[in-house]
Amino acid sequence: MTNKYMYFIANWKMYGGLNSLNSLHKVINFLRKFKKNNFIKIVYCPPHTLIRPMSKKLKNSLINVGAQNCHENDNYGPFTGSVNAKMLKNVGAKFVIIGHSENRLRGENNKLINIKIKSALKVGLKVILCIGETSVEKRKKITKQILSKQIKLGLDKIKNKNKIIIAYEPVWSIGTGIIPKPEDLFNTINFIKKKFKNFKVLYGGSVNTKNINELKLIDNIDGFLIGGASQDSKKFIDIIKKTYI
Ligand code: 13P
């Protein structure tokens, strides 16, 4: 694990105002001094409202900024309340999370997710495609089918797959404090990597400063997508540090 290239992606969800940027210098400074910083990629995905001020703050740092979703339309248009990929790029985003389960639960399907991914790639954004089974699907033992379908349809007719990272986030694990059993997680990640070759696969769901000690031992994971714990700079730094101890 120690020499592996790892992603630490912070998903702030619908949290944070301008004052939330005040502690970012801690992460910037930590990363500058951290011996393993050549092997780390940190991406902050704040709400749309903070992308611009955050990009300014992180300018000349080793940290990138991403968005949490985008509208599927490539062009400007009459879509009240929406923001498309080119607008995100314009204010400093380099990445965008697409297919998060919180948006799938609100009606986003694999087809829409596929269109969103294409429009994000078109303007040069890197994509973090979220996949994951619900607790009902887990109980029915159809996790593998669900994940395969999400990836297959999500990436339908997409050629430049090297700009896409997959984040496996079991829905039952998000915000619950429960993480998968290590052997289950290893096997699921292994399944994804074997079936869909050459993807980096991250894990997301209740990653925190305690369970990172267990998660870091699962050596086919390429990084973490972190919700709650990423809003606190100290906790976020702690998670990164512990990954490498
Ligand atoms: P939590 O880390 O808060 O469980 O959220 C995970 C997540 O949804 C990241 O995208």
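See the structure shown above.
Presented here is a report on the structure given in the accompanying data block. These figures come from a predicted structure and were not determined experimentally.

Turning next to the overall build of the protein. Helix and strand counts for the protein come out as 10 helices and eight strands. Here the protein has a C-alpha radius of gyration of 17 Å; the compact-globule value for 245 residues is 18 Å, and the two agree. Across its three principal axes, the protein shows a C-alpha extent of roughly 45 × 45 × 30 Å. For the protein, the residues scored as buried account for 53% of the 245 residues in total. Long-range contacts, defined as pairs at least 24 residues apart, comprise 71% of the intrachain contacts of the protein with a sequence gap of at least 6. When the accessible surface of the protein is summed, it comes to about 12200 Å², and 52% of that surface belongs to carbon and sulfur atoms. Treating the 45 positive side-chain charges of the protein as one cloud and the 15 negative ones as another, the clouds have centres 7 Å apart.

For the rest of this paragraph, the subject is helix α7 (residues 143-154). For α7, which comprises 12 residues, the first-to-last C-alpha distance of 16 Å matches the rise-based estimate of 16 Å (1.5 Å per residue) to within 8%. In this structure, the buried side of α7 is in contact with α4 (101-104), α5 (110-122), β5 (126-131), α6 (135-139), β6 (164-168) and α8 (182-195).

With that settled, consider the packing of aromatic side chains. Counted by the stated rule, this structure contains seven aromatic pairs. Residues Trp12 and Tyr44 carry aromatic rings whose centres are separated by 5.6 Å and whose planes lie at 80° to one another, so their mutual orientation is edge-to-face. Here Tyr44 lies in strand β2 (residues 40-45) and Trp12 lies in the loop between β1 (6-11) and α1 (24-33), a separation of 32 residues in the sequence. Both residues of the pair, Trp12 and Tyr44, count as buried. An aromatic cluster of three or more residues is present, and its members are Phe8, Phe30, Phe34, Phe224 and Tyr244. The positively charged end of Lys86 is found above the aromatic ring belonging to Tyr76, 4.3 Å away from the centroid.

With 14 residues, α8 extends 20 Å from end C-alpha to end C-alpha; this agrees with the ideal 20 Å at 1.5 Å per step. For α8, the full list of buried residues reads Leu185, Thr188, Ile189, Phe191 and Ile192. The arc that holds every buried residue of α8, seen down its axis, measures 155°, which confines them to one face. Of the surrounding elements, those touching the buried residues of α8 are β5, α7, β6, β7 (200-204) and α9 (212-215).

Conventions adopted
Residues numbered from 1 in each chain as written. Predicted model: local features only at pLDDT ≥ 70, side-chain atom pairs only at ≥ 80, totals over all residues. Heavy atoms only, no water. Helix = DSSP H or I, 4+ residues; strand = E, 2+ residues; numbered from the N terminus. Rg over C-alpha atoms; globule rule 2.2 N^0.38 Å. Buried < 20%, exposed > 50% of the residue type's maximum accessible area, 1.4 Å probe, protein only. Contact = heavy atoms within 4.5 Å. Areas by Shrake-Rupley, 256 points an atom, 1.4 Å probe, with all protein chains shown as cover. Lys, Arg positive; Asp, Glu negative; His and termini not counted. Charge placed at Lys NZ, Arg CZ, Asp CG, Glu CD. Expected span 1.5 Å × (residues − 1). Phe/Tyr/Trp six-rings, centres within 6.5 Å; stacked < 30°, edge-to-face > 60°. Lys NZ or Arg CZ within 6 Å of the ring centre and 35° of its normal. Arc of directions from axis to C-beta.

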